[in-house]
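Single-letter residue listing:
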Amino acid sequence: MPAPLNPVDLRELAVRLAIAAGEELLARQRSLSIDAVGVETKSSASDPVSAADRASEKLITDGLTAARPDDGLLGEEGASRPSSTGLTWVIDPLDGTVNYLYGRLDWCVSIAVEDEDGALAGVVHQPRTGTTWSAVRGAGAYRADTTPYQTVWYGGLRLGLERQTRLETALVCTGFSYLPERRAEQAAVLQDLLPAVRDLRRGGSAALDLCSVADGTADAYYEHVIQPWDVAAGGLIAREAGAAVVRGAGTAFPQGILAAAPSVAGPLHELLTRRSV
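Quick caveat, the model's predicted, so the values are computed rather than measured.

**Considering the overall build of the protein chain**
Part 1 of the reasoning: Scanning the protein chain from terminus to terminus reveals seven helices and 15 strands.
Part 2 of the reasoning: Burial statistics for the protein chain: of 277 residues in total, 51% are counted as buried.
Part 3 of the reasoning: Carbon and sulfur atoms provide 51% of the accessible area of the protein chain, an area that totals close to 12400 Å².

**Examining the confidence of the model for the protein chain**
Part 1 of the reasoning: Looking at the protein chain, pLDDT values average 89 and 88% of them are 70 or higher.
Part 2 of the reasoning: Here residues 148-154 is modelled with pLDDT under 50, and outside its nearest four sequence neighbours on either side it reaches 16 contacts, counting other chains as well.

**Remarks on the layout of surface pockets**
Part 1 of the reasoning: As a volume, the second largest pocket reaches approximately 300 Å³.
Part 2 of the reasoning: In terms of lining, the second largest pocket is formed by 17 residues, of which the most central are Asp106, Gly203, Leu208, Asp209 and Ser212.
Part 3 of the reasoning: When residues of the lining of the second largest pocket are traced back to their parent elements, those giving at least two are strand 8 (131-136), strand 11 (171-174) and helix 5 (206-215).
Part 4 of the reasoning: Of the residues assigned to the lining of the second largest pocket, the class counts are five nonpolar, seven polar and five charged.

**Remarks on the sheet that holds strand 14 (residues 244-247)**
Sheet strands line up and pair through hydrogen bonds in the backbone, either parallel or antiparallel.
Part 1 of the reasoning: A sheet is described by the order of its strands in space; here five strands give the open sequence 12-11-13-15-14, paired in mixed fashion. Two strands in the sheet have a free side with no partner beyond their single neighbour: strand 12 (199-201) and strand 14. Taking each pair of neighbouring strands and ignoring which way they run, the sheet shows an average axis angle of 20°.
Part 2 of the reasoning: Here helix 7 (residues 262-272) sits on the sheet in contact with strand 13 (220-223), strand 14 and strand 15 (257-260), set at roughly 150° to strand 15.

**Details of the sheet that holds strand 3 (residues 72-75)**
Part 1 of the reasoning: Pairing is mixed across the open sheet formed by eight strands, whose spatial order is 4-3-5-6-7-8-9-10. The open sheet has two free edges, formed respectively by strand 4 (80-81) and strand 10 (157-158), since each of these has just one partner strand.
Part 2 of the reasoning: In this fold helix 1 (residues 7-29) packs onto strand 5 (88-95), strand 6 (108-115), strand 7 (118-126), strand 8 and strand 9 (141-145), with an angle of close to 30° to the strand it touches most, strand 7.

**A short note on the pattern of salt bridges**
Part 1 of the reasoning: Enumeration according to the criterion identifies 11 salt bridges in this entry.
Part 2 of the reasoning: Salt-bridge contacts for arginine 68 lead to aspartate 71; the nearest nitrogen and oxygen are separated by 2.4 Å.
Part 3 of the reasoning: Arginine 68 gets classed as partly exposed once you look at its relative accessible area, which sits at 22%.
Part 4 of the reasoning: A salt bridge links arginine 182 to glutamate 185; the nearest nitrogen and oxygen atoms lie 3.3 Å apart. Pair noted here: arginine 182 and glutamate 185 are both in helix 4 (residues 180-193), with a separation of three residues, about one helical turn.
Part 5 of the reasoning: The exposure class of arginine 182 is buried, given its relative accessible area of 17%.
Part 6 of the reasoning: A single salt-bridge network, built from bridges that share partners, covers Arg143, Asp145 and Asp215.

**As for the packing of helix 4 against helix 7**
Part 1 of the reasoning: Two elements in contact, helix 4 and helix 7, have axes separated by 10 Å at closest approach and are oriented at 135°. Considered as vectors, helix 4 and helix 7 are oriented oblique to each other. Helix 7 is crossed by helix 4, and the crossing has right-handed handedness. On helix 7, the residues that touch Val189, Asp192 and Leu193 of helix 4 are Leu268, Leu271 and Leu272.
Part 2 of the reasoning: Among the residues forming the contact of helix 4 with helix 7, the class breakdown is five nonpolar, no polar and one charged.

**Details of the nonpolar core**
Part 1 of the reasoning: In terms of nonpolar packing, the biggest core is built from 28 residues, with Leu64, Trp89 and Ile111 touching the most fellow members.
Part 2 of the reasoning: Mapped by element, the contributors of at least two residues to this core are helix 1, helix 2 (51-67), strand 5, helix 3 (97-101), strand 6 and strand 7.
Part 3 of the reasoning: Here this core takes 10 residues from helix 1, the largest share from any one element.
Part 4 of the reasoning: When residues no more than four places from it in sequence are discounted, the contact partners of isoleucine 111 are Ala14, Leu17, Ala18, Ile60, Trp89, Val90, Ala121, Gly122, Val123 and Ala233.

**Structural notes on the environment of threonine 169**
Part 1 of the reasoning: Take threonine 169: it is sitting in the loop between strand 10 and strand 11.
Part 2 of the reasoning: Sequence separation of threonine 169 and aspartate 219 is 50 residues, and the distance between their C-alpha atoms is 9.1 Å.
Part 3 of the reasoning: The residues touching threonine 169, leaving out its near neighbours within four places in the chain, are Arg198 and Asp219.
Part 4 of the reasoning: In this structure the side chain of threonine 169 is engaged in a polar contact, spanning 2.6 Å, whose partner is the side chain of threonine 165.

What counts, and where the lines are drawn
- Residues numbered from 1 in each chain as written.
- Predicted model: local features only at pLDDT ≥ 70, side-chain atom pairs only at ≥ 80, totals over all residues.
- Heavy atoms only, no water.
- Helix = DSSP H or I, 4+ residues; strand = E, 2+ residues; numbered from the N terminus.
- Buried < 20%, exposed > 50% of the residue type's maximum accessible area, 1.4 Å probe, protein only.
- Areas by Shrake-Rupley, 256 points an atom, 1.4 Å probe, with all protein chains shown as cover.
- pLDDT = per-residue confidence, 0-100.
- Contact = heavy atoms within 4.5 Å.
- 1 Å grid on protein atoms, 1.4 Å probe; cavity = no way out; pocket = protein on both sides within 12 Å on 5 of 7 lines; lining within 4 Å.
- Points joined across faces, edges and corners; volume = space filled by probe spheres on them.
- Nonpolar A, V, L, I, M, F, W, Y, C, P; charged D, E, K, R; others polar.
- Pairing = 2+ DSSP bridges.
- Axes fitted to C-alpha atoms, helices over the stretch in contact; angles between N-to-C directions.
- Salt bridge = Lys/Arg side-chain N within 4 Å of Asp/Glu carboxyl O.
- Parallel < 35°, antiparallel > 145°, perpendicular 65-115°, else oblique.
- Left-handed = near helix turned anticlockwise from the far one by under 90°.
- Core = buried A, V, L, I, M, F, W, Y, C linked by side-chain atoms within 4.5 Å.
- Polar contact = N/O pair within 3.5 Å; in protein donor to acceptor, adjacent residues only side chain to side chain.

Spelled out as structure tokens, the structure:
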């Protein structure tokens, strides 16, 4: 009889692979830029992809295949494999590619494992700062701050949302589509939102924005349309830290996500659903 599934072991596997992928990305960043030969585009001219994205995904999927060959795979850069275990790994090998190619700090590796009930464990690792956020469903969310290149996981500080805020004093994160017509629709939403909150931030990485909600460095994050690999790990981390998370079929964000401190989730949800985006 196989040993019972331990979600903590799945998280630890994801942590090891995210840190290893981060080291690969750091090594490659020194020789890459937004204008480098070999940088291609995907959905639009402003949506780049590089050899670094693909190398990171290969490192992660090779590691998952070696450790758990029967699990499914879903990766941003094309990794796809059906699952015979009921578990599927959802991978964003480089969330924030534009930031990465411009030499900025705010990019990360995101790995989650999902079962029929959604994300079971998730990890977001920011290589340039050495910060790792993680969560296991029903067991809380954690943040560990280490130096870059650190390859030993120490668990970290358990997260919990303590600050009470109101909509007018909320710091809200969001992101923008790479498609011009959708950006125009998103700008219309901002006309309603910006006068109603403390301020807005657009960091360029959905996974990091969700972790900001989890650790209290932002009060909310939303996007009306987002890919599953962008939010699988970060959404779990935010939820396990105590954020209200709205996502998926049957909600007002069927293709997107809203994660917010409970004190602002209701009024922000109402404001964001006044318009159709």
